[in-house]
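Structural description and commentary
Each chain, written out:
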Amino acid sequence: MLIPCPHCGPRESDEFTYIGDAERTPPALDAPEAVWTRYVFARRNPMGRHREYWQHTGCRAVLAVTRNTLTHEVEGCEIVGPHAATAAGAGE
Amino acid sequence: MKYSALALLKGALGANRNWPRQWRAAVPKPAYDAIIVGGGGHGLATAYYLAREHGLTNVAVVEKGWIGGGNVGRNTTIVRSNYLLPENSRFYELGMKLWEGLSKDLNYNVMFSQRGVLNLAHTPSQLDGFARRGNAMRLEGIDAELLDRDAVGDFVPHLDMSPAARFPIVGGLLQPRGGTARHDAVAWGYARAADALGVDIIENAPVTGFLREGERIVGVVTPRGEIRAAKVGLAVAGSTSEVMRLAGVEDLPIESHVLQAFVSEPLKPIIHTVVTFGAGHLYISQSDKGGLVFGGDIDGYNSYAQRGGLAVVRDVASLAVTMFPNLKRVRVLRNWGGIMDMSMDGSPIITKGPLPGLYLNAGWCYGGFKATPASGFCFAHTIARDEPHPENAAFTLDRFERGLVLDERGAGPVPQHH
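The following refers to the structure shown. Predicted model, so just to flag it, every value in this text is computed and none were measured.

With respect to the overall build of chain A
Scanning chain A from terminus to terminus reveals one helix and six strands. Order of helices (α) and strands (β) in chain A, N terminus to C terminus: β-β-β-α-β-β-β. Each principal axis of the C-alpha distribution contributes one length, and for chain A these read about 45 × 30 × 20 Å. The long-range fraction of contacts in chain A, counting pairs at least 24 apart against all pairs at least 6 apart in sequence, stands at 44%. Carbon and sulfur atoms provide 55% of the accessible area of chain A, an area that totals close to 5200 Å².

Listed below in structure tokens is the structure:
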């Protein structure tokens with residue numbers, strides 16, 4: 001499985017660390033306990049398209065990867081976090 | 001027919017041409033008292049114990065593929081009950097006791113071999129942890145022996161016991177009653193025994209939807225027709241999230257991950273027990289055919305593909321050679337993957353609900369095979385009596401919101417436990 005790191009180009013997936021499901025957003029700090037429980041424990045766990053966080057061990061970039069969990073086909077990969085805005089031309 | 005030495009002899013005299021089918025190719029009836037979705041080990045065991053323990057014989061097992069094609073035929077066949085938490089150790093020990101009588105119960109040789117399961121410790125603190133777990137097991141009446149370095153070396157002759165090893169072995173925790181069983185025989189044995197008690201086993205019938213009356217689940221939809229039932233139990237392992245979505249239940253505390261397993265070319269007897277590496281993750285044993293059967297960690301990312309990546313192949317191979325340097329030139333014959341229902345605390349869910357008429361059995365991570373008898377026994381009890389058996393009372397779905405997680409390693413809410 002190759003993941004196209006925007007910095008480093010397509011690299012073998014074992015160069016990356018899987019962080020997990022990127023489809024969840026953290027609730028507000030004072031959100032009810034049930035909402036937090038859902039955030040911490042529940043997963044949509046789809047068969048098919050899944051958005052998930054990976055970190056590239058080489059360049060340390062945290063990436064949001066859109067991948068098919070049945071075919072392992074990677075549809076998209078983008079940098080997230082504070083460097084996302086300036087990362088567009090980073091590999092050039 | 002009852003299997004016996006006499007039956008074998010008769011079969012042999014007839015050139016083994018006259019053995020009857022082990023179970024009927026059942027045609028689905030319009031309605032049953034209970035339907036079990038998933039004809040894996042757990043589903044078949046559930047149907048068997050529903051019939052045997054609770055007299056509920058008007059039961060169907062609907063399986064999307066064929067019997068033995070899923071995780072029950074994809075594991076490394078290890079059976080053990082060496083857990084720390086009382087809720088887990090009691091449950092798995094109930095399973096161990098069922099394993100010990102299983103071949104007789106089913107009139108089917110499941111080749112249960114109590115060859116021992118040895119966990120290796122590589123640091124003094126790890127050995128301390130094993131002593132604690134061993135003591136916890138003994139308090140529950142489960143056998144456990146703490147081995148020092150020399151005892152480990154004597155017990156498993158080919159291990160690299162060198163003090164200069166990268167992860168020197170300092171001792172181990174042995175459960176002598178642990179071991180292995182023939183996984184296909186477990187599936188076939190339960191299927192045959194359930195069928196003999198009147199259970200219909202319906203293969204090639206993936207559930208594509210549920211029949212509902214309001215909130216209540218009253219049956220399933222399959223390509224072989226609609227089948228109604230007062231009670232529908234789900235035991236579908238890695239497909240749990242997808243099948244539950246058909247019932248309108250989203251966001252379970254489960255992720256599906258691929259776990260690979262490996263078999264080497266057949267060798268003369270070399271490893272007579274089950275050994276697990278403690279400074280990484282590897283478990284290895286030798287089948288009666290001579291193949292080394294081994295596996296390691298899950299690939300680590302969400303997956304429904306029954307195949308994994310080469311990184312795990314490399315890790316597992318290097319760990320095997322680290323433990324047993326004489327395996328260096330052994331060739332791997334086959335490897336494959338199965339989809340694990342990784343729960344968020346590493347412990348299973350066997351519960352009534354979450355909808356009326358529905359019962360859920362899931363979250364086995366990669367320890368489902370050894371649980372097969374206990375899982376079926378407790379799930380059958382839960383379905384038949386509408387209340388949990390004492391040994392699965394802690395395996396609820398709401399334990400996550402109630403702060404009652406069963407986190408064997410104390411490692412927090414991640415779907416990576418085993």
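Further notes follow.
Quick word on the nonpolar core
Residues and elements named next belong to chain B. Grouped together as the largest cluster of nonpolar side chains are 49 residues, with contacts concentrated most on Tyr-49, Phe-91, Trp-99, Leu-106, Tyr-190 and Val-199. Only β1 (31-37), α2 (41-54), β2 (59-62), α3 (86-106), α6 (183-196) and α9 (368-385) provide two or more residues apiece to this core. Residues in contact with Phe-91, not counting those within four places in the same chain, are Ile-350, Trp-364, Ala-371, Ala-374, Ser-375, Cys-378, Glu-391 and Phe-395. Formed by 32 residues, the second largest nonpolar core is a distinct cluster that contains Val-62, Val-249, Leu-252 and Ala-362.

What to know about the interface of chain B and chain A
Of the residues lining the interface, 24 residues belong to chain B; the matching set on chain A comes to 22 residues. When residues of chain B are sorted by the area they lose upon contact with chain A, B:Tyr301, B:Asn302 and B:Tyr304 head the list and together hold 31% of the total. The tally of links from chain B across to chain A stands at three salt bridges. Note that A:Asp14 and B:Arg314 form a salt bridge whose closest N and O atoms lie 3.2 Å from each other. Between chain B and chain A we count 14 residue pairs in polar contact (both at pLDDT 80 or more) in total. Secondary structure elements with two or more residues in the side of chain B that touches chain A: α7 (240-246), β12 (254-266), β15 (291-302) and α8 (310-323) of chain B.

A closer look at the layout of surface pockets
Residue and element names in this part refer to chain B. The computed volume of the second largest pocket comes to approximately 580 Å³. Lining the second largest pocket we find 23 residues, and of these Arg-182, His-183, Ser-287, Lys-289 and Val-293 sit closest to its centre. Listed by contribution, the elements that provide at least two residues to the lining of the second largest pocket are α6, β12, β14 (282-286), β15 and β16 (332-343). When the residues that make up the lining of the second largest pocket are grouped by side-chain class, the tally is seven nonpolar, 10 polar and six charged.

About the criteria used
- Residues numbered from 1 in each chain as written.
- Chains lettered and ligands numbered in written order.
- Predicted model: local features only at pLDDT ≥ 70, side-chain atom pairs only at ≥ 80, totals over all residues.
- Heavy atoms only, no water.
- Helix = DSSP H or I, 4+ residues; strand = E, 2+ residues; numbered from the N terminus.
- Contact = heavy atoms within 4.5 Å.
- Areas by Shrake-Rupley, 256 points an atom, 1.4 Å probe, with all protein chains shown as cover.
- Core = buried A, V, L, I, M, F, W, Y, C linked by side-chain atoms within 4.5 Å.
- Buried < 20%, exposed > 50% of the residue type's maximum accessible area, 1.4 Å probe, protein only.
- Buried area = accessible area lost by both parts, 1.4 Å probe.
- Salt bridge = Lys/Arg side-chain N within 4 Å of Asp/Glu carboxyl O.
- Polar contact = N/O pair within 3.5 Å; in protein donor to acceptor, adjacent residues only side chain to side chain.
- 1 Å grid on protein atoms, 1.4 Å probe; cavity = no way out; pocket = protein on both sides within 12 Å on 5 of 7 lines; lining within 4 Å.
- Points joined across faces, edges and corners; volume = space filled by probe spheres on them.
- Nonpolar A, V, L, I, M, F, W, Y, C, P; charged D, E, K, R; others polar.

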